[in-house]
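Observations on chain architecture
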Amino acid sequence: HAKDAGKSCFKFYDFELAMVSVEKNRIERNMKGALTNDEICIEFQPLIDMNTGSIYGAEALCRWYSRELGMISPERFIPIAEQSNAILQLGEKVLTESCKQVKEWNEAGWHDLVVSVNVSARQLSDKNFPNIIKALLDEYAISPQSIELEVTETSIQNNKYAKEQLERIKRLGLRLAIDDFGTGYSSLSRLKSLPFDRVKIDRSFVRDLPHSESDVEICKAILALCNVLGMRVTAEGIERQEQLELLREIGCHCAQGFLFSKAMSPEKFSQWVREFGQGSRPSTESHHHR
Ligand code: C2E
Ligand code: MG
Ligand code: MG
Ligand code: MG
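As annotated in an unreviewed UniProt entry, the chain carries the name EAL domain-containing protein and is attributed to Thalassolituus maritimus.

Shown next, in the form of structure tokens:
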């Protein structure tokens, strides 16, 4: 029986693998169309400055509402796009939409909002990438300071062009952030040698705050390190007031998470900014009395 069970296990395994590749093929096939027929759009999740309690800006997160396949999470389709040049096309679309949005917000009188855009390893390695950025800044006549680029810690790890490319982008005047920090293995010397303005603490370290002592210490250590290196720190994945209070208490600069809001369409985000300005919001003041 053990042998039979083993066999069916293998079959099941093959079946699962086959399903994964069928799904991958469908996503791949549909993505090309999605990029041209506007099924892929971007939404904005607010970023809150914890010192002033005001809105720092928003992270642009792409969304795929497929007529064929339904809503597909970026966690599923980004890794597939990253295996081909589709990610270059997708990345350029997200950057273009973000610049367009900054221009609209400028015209509406909001000049200080920063839009943070995710950039994949393949984009960062593309020699033409800084030229694309420059062309977009010119086309939309926006300040380079309005755009922040997020690259993951893992995507700069095996990327020998990373430093040179990041420096070229920094010279254009953009802000640079290292995303999902703590999930890779950056050495201190490497971190010090790259022109980052900001570190984003991965949400796996935020989830169990304030109860996990080790996560509290990790967050404190990241803050201490970043303060030495002159970098600001954003914590992502904040869902509860108690997480926010702990982060505020240890001096974290910026906050992001469902406690404030999920990502929203541009229209909803604008509405949210107006309401936020009028009050009702999670307090970034510390209420701890120790
Ligand atoms: P990320 O860059 O780390 O983005 C943050 C993710 O955390 C987003 O997931 C966001 O919705 C989620 N998040 C924010 N606050 C909370 C919270 O309080 N609780 C929980 N549970 N989650 C929260 P999303 O939008 O599904 O994106 C997943 C990942 O896909 C992103 O992680 C990023 O790596 C990638 N991605 C999304 N858009 C783009 C893009 O335009 N280009 C590239 N290259 N990657 C993208
Ligand atoms: Mg990000
Ligand atoms: Mg992140
Ligand atoms: Mg993350």
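1. Examining the nonpolar core
Ranked by internal contacts, the top residues of the largest apolar core, which has 79 residues, are Phe-77, Ile-147, Leu-149, Ile-156, Phe-196 and Leu-247. Excluding residues that lie within four positions of it along the chain, Ile-156 makes contacts with Leu-124, Val-151, Ala-162, Leu-166, Ile-178, Arg-190, Leu-194 and Phe-196.

2. Points about unusual backbone geometry
A cis amide bond links Leu-209 with the next residue in sequence, Pro-210, at an omega value of 0°. Structurally, Pro-210 is set in the loop between strand S7 (198-201) and helix H8 (213-229). Not every positive phi belongs to a glycine, and Asp-38 is a case in point at roughly 65°. Relative to the assigned elements, Asp-38 resides in the loop between helix H1 (2-36) and strand S1 (40-49). Using a relative accessible area of 57% as the deciding quantity, one classes Asp-38 as exposed. A positive phi is found at Ala-141, a non-glycine position, where the angle reads about 50°.

3. What to know about the coordination of the magnesium ion (ligand 2)
Only Glu-59 (OE), Asn-118 (OD1), Glu-150 (OE) and Asp-179 (OD) from the protein coordinate the magnesium ion (ligand 2), and they sit 2.0 to 2.2 Å from it. Ordering the donors of the magnesium ion (ligand 2) by residue number gives the pattern E-x58-N-x31-E-x28-D. A spacing of 3.6 Å is found between the magnesium ion (ligand 2) and the magnesium ion (ligand 3), which share Asp-179 as a donor. Of this pair, Glu-59 sits in strand S2 (residues 55-66) while Glu-150 sits in strand S5 (residues 147-152), and the two are 91 residues apart along the sequence. Comparing Glu-59 with Glu-150 shows no difference in burial state: the two are buried.

4. A look at the confidence of the model for the chain
Of the residues in the chain, 89% have a pLDDT of 70 or more, and the chain-wide mean is 90. Here the complex is predicted with pTM 0.91, and the ipTM for its interfaces comes to 0.98.

Criteria and cut-off values
Counting from 1, residues in each chain are numbered in the order their sequence is written. Lettering for chains starts from A, numbering for ligands starts from 1, and both go in the order in which the items are written. Totals for whole chains, interfaces and linings use every residue, but because this is a predicted model, local features are given only for residues with pLDDT of at least 70 and side-chain atom pairs only at 80 or more, for both listing and counting. To get the side-chain values, all heavy atoms of the structure are used, and hydrogens and water are removed first. To define a nonpolar core, start from buried Ala, Val, Leu, Ile, Met, Phe, Trp, Tyr and Cys residues and group those joined through side-chain atoms within 4.5 Å. Note on exposure labels: buried denotes an accessible area under 20% of the residue type's maximum, exposed denotes more than 50%, and partly exposed covers the range between, all computed with a 1.4 Å probe on protein chains only. Whether two residues touch is decided by their heavy atoms; if any such pair falls within 4.5 Å, the residues are in contact. A run of H or I in DSSP counts as a helix once it spans at least four residues, and a run of E counts as a strand once it spans at least two, with each numbered from the N terminus. Donor selection uses N, O and S atoms within 2.8 Å of the metal (3.2 Å for Na, K and Ca). Since no water is included, sites may look incomplete. By definition, pLDDT measures how confident the predictor is in each residue, and it falls between 0 and 100.

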